[in-house]
Amino acid sequence: MPLETLTIRTNGQGLYEFTQDTLRFVRAHAAADAVLTIFVRHTSCSLLIQENADPDVQRDLNAFFARLVPPSDDASMNYIVHTAEGPDDMPAHIKAAMMPTSLSIPVEKGRLLLGTWQGLYLFEHRTQPHSRQIVIHLTA
């Protein structure tokens, strides 16, 4: 069963689309029906299937999660203990605990069955740049 690791370099918090890399992988390796599993190998980012037509969706998602889980130096987060790696660290872990770190997508006749406006995103929760690894794996 084909397996590949994608590396996505981030420049801080935000959504990073990797749909095209995944489509290339599926076209190269899936001739029939299968399931694509996507897994991110980190604890401070997550994966999303989200609209890829209007960039306001990404902006609004960033704003929502920033309000929902602010940095640990915000007064509302004074209960946070894990701060060794900065005020964005524990909030990044919280966000990753709330969102998926793996996805399963059906493949039919070698075609990824995403909807018209769906794209695949790494959601980076840290403020500093990172190099993230995403494992993609096809199973029949």
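Anyway, here's the lowdown on the structure attached to this text.

About the cut-offs
- Residues numbered from 1 in each chain as written.
- Predicted model: local features only at pLDDT ≥ 70, side-chain atom pairs only at ≥ 80, totals over all residues.
- Heavy atoms only, no water.
- Patch = residues over 30% accessible without salt bridge, like charges linked within 9 Å, V, L, I, M, F, W, Y side chains within 5 Å.
- Areas by Shrake-Rupley, 256 points an atom, 1.4 Å probe, with all protein chains shown as cover.
- Salt bridge = Lys/Arg side-chain N within 4 Å of Asp/Glu carboxyl O.
- Helix = DSSP H or I, 4+ residues; strand = E, 2+ residues; numbered from the N terminus.
- Buried < 20%, exposed > 50% of the residue type's maximum accessible area, 1.4 Å probe, protein only.
- Arc of directions from axis to C-beta.
- Pairing = 2+ DSSP bridges.
- Phe/Tyr/Trp six-rings, centres within 6.5 Å; stacked < 30°, edge-to-face > 60°.
- Contact = heavy atoms within 4.5 Å.
- Axes fitted to C-alpha atoms, helices over the stretch in contact; angles between N-to-C directions.

## Observations concerning a nonpolar patch on the surface
Phase 1 of the analysis: On the surface, Phe-64, Leu-68 and Met-98 cluster together to form a nonpolar patch covering roughly 290 Å² of accessible area.
Phase 2 of the analysis: Residue position: Leu-68 is located in helix H2 (residues 55–68).

## Here we look at unusual backbone geometry
Phase 1 of the analysis: Of note in the backbone geometry, Lys-109 takes a positive phi value of approximately 50° without being a glycine.
Phase 2 of the analysis: In this structure, Lys-109 sits in the loop between strand S5 (102–108) and strand S6 (111–112).
Phase 3 of the analysis: Take Lys-109: its relative accessible area is 69%, and that puts it in the exposed class.

## Overview of helix H1 (residues 19–29)
Phase 1 of the analysis: Considered for burial, the residues of H1 that qualify are Thr-19, Thr-22, Phe-25 and Val-26. Each buried residue of H1 sits inside an arc of 125° when the element is viewed along its axis, so together they form one side. Opposite the buried face of H1, by more than 90 degrees, sit the exposed residues Arg-27 and Ala-28.

## Description of the pairing of S5
Phase 1 of the analysis: Along S5, the buried face is formed by Leu-103, Ile-105 and Val-107; none of Ser-102, Ser-104, Pro-106 and Glu-108, which line the opposite face, is buried.
Phase 2 of the analysis: One ladder, built from six bridges, connects strand S3 (residues 34–40) with S5; its direction is antiparallel. In the sheet register, Val-35 faces S5, and the bridge partner there is Pro-106.
Phase 3 of the analysis: Bridge count between S5 and S6: two bridges; the pairing is antiparallel.

## Thoughts on the packing of aromatic side chains
Phase 1 of the analysis: Applying the stated criterion across every chain, the model contains two aromatic pairs.
Phase 2 of the analysis: Ring centres of Phe-64 and Phe-65 lie 5.0 Å apart, and the angle between their planes is 85°; on these two criteria the pair is classed as edge-to-face.
Phase 3 of the analysis: Taking the relative accessible area as the measure of exposure, Phe-65 reaches 10% and is therefore buried.
Phase 4 of the analysis: Here Phe-65 and Phe-123 contribute two aromatic rings whose centre-to-centre distance is 5.7 Å and whose plane-to-plane angle is 85°, an arrangement assigned as edge-to-face. With Phe-65 in helix H2 and Phe-123 in strand S7 (residues 118–124), the pair connects residues that are 58 residues apart, well separated along the chain.

## Let's talk about the pairing of strand S8 (residues 130–139)
Regular strands have side chains that alternate between both faces of the sheet.
Phase 1 of the analysis: Looking at chain direction, strand S1 (residues 3–10) and S8 are connected through eight bridges and run antiparallel. Pairing of Thr-5 across the sheet is with Val-135, part of S8.
Phase 2 of the analysis: Examined bridge by bridge, S3 and S8 share six bridges and lie antiparallel to one another. Following the sheet pairing, Ile-38 is matched in S8 by Ile-136.

## Thoughts on the environment of Ile-8
Phase 1 of the analysis: With respect to the helices, strands and loops of the structure, Ile-8 is situated in strand S1.
Phase 2 of the analysis: Along the backbone, Ile-8 and Phe-18 are 10 residues apart, and their C-alpha atoms lie at a distance of 8.1 Å.
Phase 3 of the analysis: When near neighbours in sequence (up to four residues on either side) are disregarded, Ile-8 contacts Tyr-16, Phe-18, Leu-122, His-130, Ser-131, Arg-132 and Ile-134.

## What about the sheet that holds S3?
Phase 1 of the analysis: Sheet architecture is open: five strands sit in the order S1-S8-S3-S5-S6, paired in antiparallel fashion. Pairing within the sheet leaves two strands with one partner each, and these edge strands are S1 and S6.
Phase 2 of the analysis: With respect to the sheet, H1 is in contact with S1, S3, S5, S6 and S8, its orientation differing from that of S8 by roughly 30°.

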